[in-house]
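Single-letter residue listing:
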Amino acid sequence: MMDDVLVMQGVTRDYPVGGAFAKKRTLRALRGIDLTVSRGRTLGLVGESGCGKSTLAKVLLGVEEATSGTVLVDGHPIESYGRIERAKLIQPVFQDPYSSLNPRMTVASIIGAPLQVRGEGTGDSRRKRVEEVAGEVGLPRHLIGAYPSQLSGGQRQRVAIARALIGEPKILICDEPTSALDVSVQSQILNLLHRLKQELNLTMILISHNLAVVHHLADEVAVMYLGRIVEHGPSQAIFDRAHHPYSSALLKAVLPPRPGSRLPELGLEAEFPSPLNPPSGCPFHPRCSNDDGTTCHEIDPEPSGTSHTYRCHHPDNFTQTAAQDQAPAD
Amino acid sequence: MTNIEQTTAPSVALSPGRMTLHRALRHVSFWVGGTIVLAIILAAILAPAITSHDPAIQDLAQRYIPPVWTEKGSWDHVLGTDNLGRDYFARLLYGARISLLIGFMTVLISGAIGTALGVCAGYFGGWADMIINFVITIRLTLPVVLVALVVVALVGSSLTLLVMVIGLLLWDRFAIVVRSATQQLAHREYITSAAAIGSSTWRILFKEILPNITGPLIVVASIELAHAVLLEASLSFLGLGVQPPQVSWGLMVAEAKSQLLFRPWMIAVPGAALVLLIFAINLVGDAIRDVTTPEGKA
Amino acid sequence: MEASPILDVRNLKVDIPLTDAVLHPVRGIDLTVARGETVAIVGESGCGKSLTALAIMGLLPRNARLTSERIALKGESLTSAGRKRWRQLRGDRIAMIFQDPMTALDPCYRIGDQMREILQQHRRVSNKEARQRSLELLGKVGIPSPEDRLSQFPHQLSGGLRQRVMIAMALLCEPELIIADEPTTALDVTIQAQILRLLRDIQRETGIGLVLITHDLGVVAGMADRIVVMYGGEVVEVGACDDVLARPLHPYTEGLMHSIPVPGETRQGQTLGFIPGVVPRQVGELTRCGFLERCPYAHAKCGAGPIALRDADVSDGDDRMMRCVLPADGSGRSPEAWVRDVEGA
């Protein structure tokens, strides 16, 4: 039986917007997230910008607090951990390796910072551990004394990963870990993450808008739309038979670099709505090709399904209601 | 390790700070300005070795001796003497001490206040930012000279008081610049990373933010240094600054003002010294701004 | 060749003098774009693709030096054209679409004013006519309620709408050539597909020549007629889009193709190929193959001298060129070459 390292129950996060003159409003970045991740699994979190996936990452990191709901890490609420205990459990890897490393610190001191902050070990033992981890992530030894400006994008991302791993966390939160990198470098980082996840039995949250990356690493996929999870299930199930029309559209939007591939018709109407003013009923209805004009406008669908859940009145790839929009990918 | 990413390997890793220094050393105005400032500092420190005259000793028989380049000048008093027969060159050297002392001390005080406020406002945002902004606004509404005048009139004048008054008044530019620099940094991912590895707020402020705003900080410091020197001169000129028997350049100008039409060199000499010092400080500040801006793109 | 191409560039070079050396980010590029053709310039950061685009637009930074045998737009040579001529051409006959529409649009002016300004720069039109034309184009690029948009500021639009506005602005003067530099990289995947479709539809309708600069081979696959692969300031491979994707000839192209995960093709967690090393700094003339250090097939011949771009005799398409000494028939190659030495472990 696998144990659940990360449990989120009804997590919401609101931001007040508007200042002295504008009317104060509430931006509901997360609108009730229920999510469970088991030890050693990788959850891919996908969605467009503004869907709340980065807010979710910040809540999980403890950098921001949930407005309501509970986040359980290793069985205990995240607020019950101190700064340092929390850091021992959860570590981030960010998107932009150019802004995630302090330009004034050497690679060695960046990687060793978590140990230093905790006051663990002596200078010598820390240095040894830094070299060990740097080797583990494939960072050449001679770069340990270098500054970030002297490294390439791929090397910087390795430094960021080394910093995250040096304290042996249980959970790694990767926020678009490869989208700032060139493709030939991206593949190295994907290989590395995959190897680390297996060797260290890491639980990983992989946030990405690139479904190819998610497909490559994730065991489960959660699709987010306007602050909630609209579909969640095993990676293979979602990539084979996505039920929510939004997930299908995202899947179709992947452009394979293969001869003869054509630009996909996504069937997504309109633009991403403002999170300040989400549509009534099913929040996806203004863009949905399965919109029925009545139920979808009035009733917000509840999650259905067991291991593979989705929030939709008229799911795709599902007996009679399947839509016209169903030609398999080109 | 095989052939992975070995090319850009630096032979010697230079810290960004060192690289900035290297760039600065290739900058002409840094050299020119730096040399002048350094020369003035050395002259001030070594004043007793440079001249044997005491700036305070009066010799009424030797009043108003003109400088050496005029007909009646003598090498004994290179820049002549003033209305009380004190050696003008000695007064200039010892006056530099006071001017520089006040300049550097006030920049230390105002820099500390302004940086602390600016970093807090920029990093914490929200209420802290609002309150600090309010304080900055209040400070900006106070006319510096007028406040100094009132304080000196109420408490009386002394060097310490002067440093405190100017230092407590000139922190606004530090606060404003540091605040916006910090705001830009606060959203960098390395700050979030630092929080995520469990760093304390203090560590984030001192290890992650402060080292990365030194560039703008030094530039503001150079501007404020010049500003403080000038302000001291103005206050001394108004009779509210340095009091005799201490000397400062502003005081020298003040004491010579009655001789403006008869012995213009008495005003020109300390005036030129002031202009030179401030010009040199600004040159250095400009150079530092030039070499710190392209940082990170290297 | 057929009637004069829209764009004809021969031996385009860009040099950037630095204090200690001269950078050669673009080392002699040939590029032709025919009417109605989409040519994709593909390469990773630092390969010189964006500088090539800026050079064709006459927008190089001031410290860069441009030399070329020929830059011709519809037969008119621009090699010796002055700043004024370039200014007349830009926005009129050549237009550019930038990566980030938020920074490419001026935040201080309303959309309508920005569009009117472009039109009146190049055409003698009244404000009313300009408004009419702007409305027409905003409608054409699929912007809902164009009337309202004219009086809006860029920040009031979403990323996708802004990029549509950029496209509408590029089309205002009916240019012959559009250069799109990573037009969808800053956009969400769902918007990306829409914008690419729009670009392609407009291009088919009007016969504009399109130069698409991108690092994303997936975007190329759906859009381009021809691919020009750049590496280290040089063209390393040219060919029809489908041919290049089906059978990359240059090891660099091959490496790129092997490093991209594709759902449904690559297995989960399958070790992906990668190109070891980093792009070297482009200093000094090349005395050998520029890809040598990173190439798994490198041998003695590669270091002997600079490699010329040569015609590749392959059956699956004419017009294919490569800058490599390997035989074009693919003998002696293997996908495994790209995954050996995984991370140096």
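In this text, all values refer to a predicted model and were calculated from it rather than measured experimentally.

**As for the overall build of chain A**
Okay, step 1: Looking only at helices and strands, chain A features ten helices and eleven strands.
Okay, step 2: Within chain A, contacts between residues separated by at least 24 positions form 65% of all contacts whose residues are at least 6 apart in sequence.

**Describing the sheet that holds strand β13 (residues 321-322) of chain C**
All names here are of chain C.
Okay, step 1: Taken in spatial order, the eight strands of this open sheet run β7-β8-β9-β3-β10-β11-β13-β12, and their pairing is mixed. The sheet terminates laterally at β7 (94-97) and β12 (310-311), the two strands that pair on one side only.
Okay, step 2: Summarising the sheet, strand β10 (residues 226-231) and strand β11 (residues 234-240) pair through six bridges and their orientation is antiparallel. Along β11, the bridge assignment pairs methionine 230 with valine 235.
Okay, step 3: Contacts from helix α7 (residues 159-171) reach β7 and β8 (177-181), with the element oriented near 175° to β7.

**Overview of the sheet that holds strand β4 (residues 68-73) of chain A**
Residues and elements named next belong to chain A.
Okay, step 1: Sheet architecture is open: four strands sit in the order β2-β1-β4-β5, paired in antiparallel fashion. The open sheet has two edge strands with one neighbour each: β2 (25-38) and β5 (76-77).
Okay, step 2: Bridge analysis of β4 against β5 gives two bridges, and the strand direction is antiparallel. Bridging from a neighbouring strand, leucine 72 pairs with proline 77 of β5.

**Some words on unusual backbone geometry**
Most peptide bonds take the trans configuration, and most residues that are not glycine carry a negative phi.
Okay, step 1: Notably, A:Glu168 is not glycine yet its phi reads approximately 50°, a positive angle.
Okay, step 2: For A:Glu168, the location among the structural elements is in the loop between α5 (153-165) and β7 (171-175).
Okay, step 3: With 12 C-beta atoms packed within 10 Å, A:Glu168 lands in the exposed category.
Okay, step 4: The backbone of C:Lys74 sits at a positive phi, close to 50°, despite the residue not being glycine.
Okay, step 5: Classification of C:Lys74 as partly exposed rests on a count of 15 C-beta atoms within 10 Å.

**Quick notes on the interface of chain C and chain A**
Okay, step 1: Facing 43 residues of chain C, the contacting portion of chain A comprises 40 residues.
Okay, step 2: Listed by contribution, the elements that provide at least two residues to the side of chain C that touches chain A are α7, α8 (189-206), α9 (217-223), α10 (241-246) and α11 (251-259) of chain C.
Okay, step 3: Looking at which element gives the most residues to the side of chain C that touches chain A, the answer is α8(C), with seven residues.
Okay, step 4: Class assignment of the residues belonging to the side of chain C that touches chain A gives a composition of 21 nonpolar, 16 polar and six charged.

**Observations concerning the confidence of the model for chain A**
Okay, step 1: Averaged over all residues, the pLDDT of chain A is 85; the fraction at 70 or higher stands at 93%.
Okay, step 2: The model gives residues 319-330 of chain A a pLDDT under 50, and that stretch makes 16 contacts with residues more than four places away or in other chains.

Procedures and definitions
Residues numbered from 1 in each chain as written. Chains lettered and ligands numbered in written order. Predicted model: local features only at pLDDT ≥ 70, side-chain atom pairs only at ≥ 80, totals over all residues. Helix = DSSP H or I, 4+ residues; strand = E, 2+ residues; numbered from the N terminus. Contact = placed C-beta atoms within 7 Å. Pairing = 2+ DSSP bridges. Axes fitted to C-alpha atoms, helices over the stretch in contact; angles between N-to-C directions. Buried ≥ 20, exposed ≤ 12 C-beta atoms within 10 Å, placed from the backbone. Nonpolar A, V, L, I, M, F, W, Y, C, P; charged D, E, K, R; others polar. pLDDT = per-residue confidence, 0-100.

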